[in-house]
Amino acid sequence: MIPSAPDGPVDRSVLPSTAEIDADGRLTIGGCDLVELAETHGTPLFVYDETHLRTACREAVDAWGDGVAYATKAFLCMAMARLAHEEGMCLDVATGGELHVVLAAGVPADRLVLHGNNKSTEELAAALAVGVGRIIVDSFDEIDRLEALIADPPELAGTVDDGVMPPRWRPKVLARITPGVEVHTHEFVRTGQEDSKFGFGLTSGAAARAVEKLAALDAQGIVEFVGIHAHLGSQVFALAPFAQAIHVLADFFAPLGLPELVVGGGLGVAYVNGEEAPVMADWAASVADACQEAGIAADVRVTAEPGRSIVAAAGVTLYRVGTVKDVPGHRTYLAVDGGMSDNPRPVLYGSGYEAFLPRSADAHRPMGVRVVGKHCETGDVVVADAFVPQSTSVDDILCTPVTGAYGHSMASNYNKVPRPAVVFVADGIARVVVRRETLDDLIRLDV
Ligand code: LLP
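So, here is what we can say about the structure in this document. Going along each chain's sequence as written, the residues are numbered from 1 onward. Local features in this predicted model are restricted to residues whose pLDDT is 70 or higher, and side-chain atom pairs enter the listing and the counts only when it is 80 or higher, whereas totals over whole chains, interfaces and linings include all residues. Only hydrogens and water are set aside; all other atoms, that is, all heavy atoms of the structure, feed into the side-chain values.

Throughout, near means a residue has at least one heavy atom within 4 Å of the molecule or strand. Around the ligand lies a shell of 19 residues, among which S234, E305, R308, R345 and Y406 are the nearest. The definition of a polar contact used here is a pair of N or O atoms within 3.5 Å, where within protein one atom must be able to donate a hydrogen and the other to accept one, and adjacent residues in sequence count solely through side-chain atom pairs. One of the side-chain nitrogen or oxygen atoms of K73 is found 3.4 Å away from an oxygen atom of the ligand. One of the backbone N or O atoms of G307 is found 2.9 Å from an oxygen atom in the ligand. Residue burial considers only the protein chains on display, and all accessible areas are found by Shrake-Rupley using a 1.4 Å probe. Within the complex, the protein chains bury 91% of what would otherwise be the 580 Å² of accessible surface of the ligand. In the scheme used here, Gly and all other residues not listed as nonpolar or charged are polar, with Ala, Val, Leu, Ile, Met, Phe, Trp, Tyr, Cys and Pro taken as nonpolar and Asp, Glu, Lys and Arg as charged. Class assignment of the residues belonging to the shell around the ligand gives a composition of 6 nonpolar, 7 polar and 6 charged.

The numbering of helices and of strands both runs from the N terminus, where a helix is a DSSP run of H or I of at least 4 residues and a strand a run of E of at least 2. By the secondary structure assignment, R345 is in helix α11 (residues 345-349). Buried and unpaired, R345 has E275 as its nearest opposite-charge partner, separated by 9.0 Å. Note on contacts: a residue pair is in contact if any heavy atoms of the two residues lie within 4.5 Å. The residues contacting R345, other than those within four sequence positions of it, are Y271, R308, G350, S351, Y353, A405, Y406 and M410. Exposure categories follow from relative accessible area, calculated using a 1.4 Å probe and restricted to protein chains: below 20% of the type maximum is buried, above 50% is exposed, and the middle band is partly exposed. We count Lys and Arg on the positive side and Asp and Glu on the negative side, and we leave His and both chain ends out. One side-chain nitrogen of Lys or Arg within 4 Å of one carboxyl oxygen of Asp or Glu is enough to make a salt bridge.

Buried residues dominate strand β9 (residues 172-178), accounting for 6 of its 7 residues. When DSSP locates at least two bridges between a pair of strands, those strands are taken to pair. Pairing geometry for strand β8 (residues 134-137) and β9, over 3 bridges, is parallel. Following the sheet pairing, I136 is matched in β9 by L174. Here β9 runs beside strand β11 (residues 224-229); their pairing, made up of 5 bridges, is parallel. From the neighbouring strand, K172 faces β11, where its bridge partner is E224. Note that β9 and strand β10 (residues 200-201) share 2 bridges and pair parallel. Considered in β10, the bridge of I177 is made with F200.

We now examine the packing of helix α6 (residues 140-151) against helix α7 (residues 206-219). Between the N-to-C directions of two axes lies an angle of 0 to 180 degrees, each axis being a line fitted to C-alpha atoms and, for a helix, fitted only over the stretch in contact. At a closest axis distance of 11 Å, the pairing of α6 and α7 adopts a crossing angle of 10 degrees. One way to sum up the angle between α6 and α7 is to call them roughly parallel. Note on element contacts: α7 touches α6 through A206, R209, A210, K213, L214 and L217, opposite F140, I143, D144 and E147. Roughly parallel here means an angle under 35 degrees, roughly antiparallel means over 145, roughly perpendicular means 65 to 115, and every remaining angle is called oblique.

Evaluation of the coordinates by the stated rule reveals 20 salt bridges. In this structure, the salt-bridge partner of D66 is R111, at a minimum N-O distance of 3.1 Å. Here D66 is found in the loop between α2 (50-64) and β5 (69-71), whereas its partner R111 is found in the loop between α4 (96-104) and β7 (112-114), with 45 residues between them in sequence. Of the residues examined, D66 reaches a relative accessible area of 49% and is grouped as partly exposed. Between D92 and K73 there is a salt bridge; the shortest N-O distance is 4.0 Å. Taken together, the residues D92 in strand β6 (residues 90-93) and K73 in the loop between β5 and α3 (78-86) connect sequence positions 19 residues apart. By relative accessible area, D92 is classed as buried at 1%. The class for K73 is partly exposed, based on a relative accessible area of 31%. Salt bridges sharing partners connect three or more residues here, namely E50, R54, R58, E86, E87 and R431.

If you want it as structure tokens, here you go:
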């Protein structure tokens, strides 16, 4: 695809799947007019296309089969947990907090996968008590904790109805391995390399020792050791590293005769005009081909944990423009009513986004601006190099698409800015799934 001119309209490919632009240039998603949504629900506002979300979940299940888990860290609220579960996905939770939210949403514990490089005794106990489907074991300390907990279950108040873990409940566990494969992505979200806080290194021999320990615990009936897990990183555009990881892992994995292999998450998404990312089916097919070539038995359940690729493009953020400041000789700053508190990705990773006016979504965008937030630091950038229509002015609603992943989930109250509401839109109806924080919420925890 030839990238659009920098001042062209926003590409349809970065808009949610039900996006439509009417004859006046106004954008609707799920049959809801975005400017009206902003008027009704206030700004900043996260808007998710429910059809897009459901389709993405279904595509993941079609591509990988049963067991594919939605990585809830990308975006989690009870409605999202329910939606992913209804569409047949398992859910990956990485903390006791994520576990709490998905259980509160009514997702059955056996559909959950527990992650975390530093799971506390309490988190492990809670997971065991409810009977999570899988635990991805990340360290020798965790193995010791699990063994001790299962041998001597604590009384757990308020976790399960009777508050007591069933004696010698036997969790299914996988060992997380770092295969030593580096992917081309931001160093903060690279995880498959040897020098990592995650998992057991293959070349150091830690992986072999972990497997030995888990096999021994399996033999004693303490755990059920079912597989190996590896996650390479996030926002990965190339499929080759996943295949490479399979080849690296195969010699280690095949002789173990285990039934499950998980390749983690990481499928990249297109954020801006002209960017292209592989689709879910291609990712699964390239991993399946690599497994076959590497001699991994056909009956092994090979699966994945996509997060970003399920939710990123389904979500957009609506802001209201508050000031337009021209700094002669430099640039024009367009300040909106959110910023690094609802999307810290530009500050953290230098991530780029498109920006456009939903009242004029097919308009050309000749005016180069820097979209900034309302926080008290210069780094508070929403879109460093944005192009917007010449008519953009104070009070306009500005939309940044592909903000459905790691925006709301990494949102903060910096400068005591209340976190935005989240609405799901479908068939002309917008339902609030997370209400906007109020000023009183900001002092709710103060004692
Ligand atoms: N599985 C594991 C073990 C993970 O650590 C992650 C993401 C995933 C699955 C999901 O990866 P995804 O499909 O979403 O790439 N805050 C960063 C991304 C951090 C990803 C952390 N782990 C960002 O905004 O880019």
